[in-house]
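# Results of the structural survey
Here is how the chains run, residue by residue.
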Amino acid sequence: MFKVYDISMTIEKGMQVWGNHDGKQPEIISQPTSPDGVNESRIDMDVHCGTHVDAPLHMLEDGSTIETIGLEELVGNARVLDFTDVNDSITREDLEKHGLQKGEFILVKTKNSFTDSFESDFVFLRDDGARYLVEVGVRGIGTDGLGIERSQAEYPTHRTLFRNNVIIIEGLRLKEVPPGSYFMVIAPLKLTGIEAAPARALLIGNG
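Along each chain, residues carry numbers from 1 onward, in the same order as the chain's sequence is written. This being a predicted model, a pLDDT of at least 70 is required before a residue's local features are given, and a value of 80 or more before pairs of side-chain atoms are given or counted; all residues contribute to the totals for chains, interfaces and linings. The side-chain figures draw on all heavy atoms in the structure; neither hydrogens nor water molecules are used.

## A few points about the pattern of salt bridges
The condition that has to hold: Whenever Lys or Arg places a side-chain nitrogen within 4 Å of a carboxyl oxygen from Asp or Glu, that contact is recorded as a salt bridge. Strands are runs of DSSP state E lasting at least 2 residues, helices are runs of H or I lasting at least 4, and numbering of each runs from the N terminus. When accessible area is computed with a 1.4 Å probe and restricted to protein chains, residues below 20% of their type maximum are described as buried, those above 50% as exposed, and intermediate ones as partly exposed.
Tallied over the full model, the rule gives nine salt bridges. With its nearest N and O atoms 2.7 Å apart, the salt bridge here joins Arg-79 to Glu-104. Taken together, the residues span a long stretch of sequence, with Arg-79 in strand S5 (residues 75-82) and Glu-104 in the loop between helix H1 (92-96) and strand S7 (105-109) at a distance of 25 residues. Comparing Arg-79 with Glu-104 shows no difference in burial state: the two are buried. One salt bridge in this structure joins Asp-88 and Arg-150, with 2.9 Å as the shortest N-O distance. Placement of the pair is Asp-88 in the loop between S5 and strand S6 (89-90) and Arg-150 in the loop between strand S9 (140-143) and helix H3 (156-163), with a sequence separation of 62 residues. Residue classification places Arg-150 among the partly exposed residues on the basis of a relative accessible area of 23%. Within the structure, one salt-bridge network assembled from shared partners comprises Arg-92, Glu-96 and Glu-135.

Right, here's the structure in full:
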């Protein structure tokens, strides 16, 4: 037996959005039912809304776009690390305690997963932590914050990771997921030519 954890945010009006800006809320429009009883709806949303995958173009002028991240890079083993005792930022020292290995995909579980509203002091990955991930050679990192950093000057965390081909996933929900190893499936919408895509995110573990 196995257990499936849905670690993606629900897209809905009133959801957690960056900065609590109303303009970033998704708009879901239900069309009037047609005479033949067919229902249709439309959605207008930021591609960084909810759970999403960032591409290097998000922070690098000549960065690659979302379609260049292959599904094989987003499906495979991943490890959930517990940082729920961290109150500000995840540092190199915090990460060193977890014995990271080259080629790992890590997901950081913090206090961010325990709130449904955007908090300006959300836990983020400090730039020295990003440099350490590059040194180790991890292939990707997922965070339960809507951003992997809090708009730090020059965005050093994003840019360090992007320049070294480390995949970034933001907006995960890890409250119900115990630390440990899982089979991960991240399925971004099949978009092209832009800097991000919303995604459905799953972890599969032993039941």
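## A look at the environment of Arg-163
Structurally, Arg-163 can be placed in helix H3. Here Arg-163 falls in the exposed class, since its relative accessible area comes to 59%. Considered as a pair, Arg-163 and Glu-27 are 136 residues apart in the sequence and their alpha carbons are 34 Å apart.

## Quick look at a nonpolar patch on the surface
Our working rule: Patches were defined on residues exceeding 30% relative accessible area and lacking a salt bridge, with like-charge contacts within 9 Å and nonpolar side-chain contacts (Val, Leu, Ile, Met, Phe, Trp, Tyr) within 5 Å. Computed with a 1.4 Å probe, the accessible areas rest on the Shrake-Rupley method; for each residue, only the protein chains presented here act as cover.
On the surface, a cluster of nonpolar side chains totalling about 250 Å² of accessible area is made up of Leu-71, Val-75 and Phe-183. Tracing the sequence through the fold places Val-75 in strand S5. Given a relative accessible area of 33%, Val-75 falls into the partly exposed group.

## Structural notes on H3
We apply this condition: Residue contacts follow a heavy-atom distance rule, with two residues in contact if any of their heavy atoms lie within 4.5 Å.
All buried positions along H3 are accounted for by Thr-157, His-158, Thr-160, Leu-161 and Phe-162. On its buried face, H3 is in contact with strand S4 (52-54), strand S8 (124-125), helix H2 (127-136), S9 and strand S10 (167-170). Where H3 terminates, the next one or two residues include Asn-165, which has phi positive at roughly 60°.

## A look at the side chain of His-52
Which entries qualify depends on this criterion: In the analysis that follows, any N or O atom pair within 3.5 Å is treated as a polar contact, provided that within protein one partner can donate a hydrogen and the other can accept it, and provided that, for residues neighboring in sequence, both atoms belong to side chains.
Considering the arrangement of structural elements, one finds His-52 in strand S4. Residue His-52 is classed as buried on the basis of its relative accessible area of 1%. A polar contact of 3.5 Å, which involves the side chain of His-52, links it to the side chain of Asp-54. Residues within four places of His-52 in sequence aside, it is in contact with Val-47, Leu-146, Ile-168, Ile-169, Glu-170, Ala-197, Pro-198 and Ala-199.

## Remarks on empty space enclosed by the protein
Definition in use: Each cavity reported here is a set of points on a 1 Å grid over the protein atoms alone in which a 1.4 Å probe fits but cannot get out, each pocket an open set with protein on both sides within 12 Å along at least five of seven lines, and each lining residue one with an atom within 4 Å of a point. Grid points are joined across faces, edges and corners, and a volume is the space filled by probe spheres set on the points. Residue polarity is assigned by list, with Asp, Glu, Lys and Arg as charged and Ala, Val, Leu, Ile, Met, Phe, Trp, Tyr, Cys and Pro as nonpolar; anything else, Gly included, falls into the polar class.
Applying the stated criterion across every chain, the model contains one cavity of 30 Å³ or more. Approximately 30 Å³ is the volume found for the largest cavity. In this structure, the largest cavity is lined by Ile-90, Val-108, Thr-110, Val-123, Phe-124, Leu-125, Ile-141, Thr-143 and Ile-148. Residue assignment for the lining of the largest cavity shows that the elements contributing at least two residues are S8 and S9. When grouped by side-chain class, the residues that make up the lining of the largest cavity number seven nonpolar, two polar and no charged.

## Comments concerning the layout of surface pockets
Counted as a void, the largest pocket has a volume near 310 Å³. Trp-18, His-48, His-58, Leu-146 and Glu-170 are the residues nearest the centre of the largest pocket, which is lined by 17 residues in total. For the lining of the largest pocket, the per-class residue count stands at six nonpolar, seven polar and four charged.

## Re the packing of H2 against H3
Defined as follows: Working convention: axes come from line fits to C-alpha atoms, limited for helices to the stretch in contact. Angles between N-to-C directions cover 0 to 180 degrees. When describing relative orientation, an angle under 35 degrees is termed roughly parallel and one over 145 degrees roughly antiparallel, while 65 to 115 degrees is termed roughly perpendicular and anything else oblique.
Here H2 crosses H3 at 10°, and the two axes come no closer than 8 Å. Classed by the angle they form, the pair H2 and H3 counts as roughly parallel. Counted together, Asp-127, Ala-130, Arg-131, Leu-133 and Val-134 of H2 and Pro-156, Thr-157, Thr-160 and Leu-161 of H3 form the full contact between these two elements. Looking at side-chain class alone, the contact of H2 with H3 contains five nonpolar, two polar and two charged residues.

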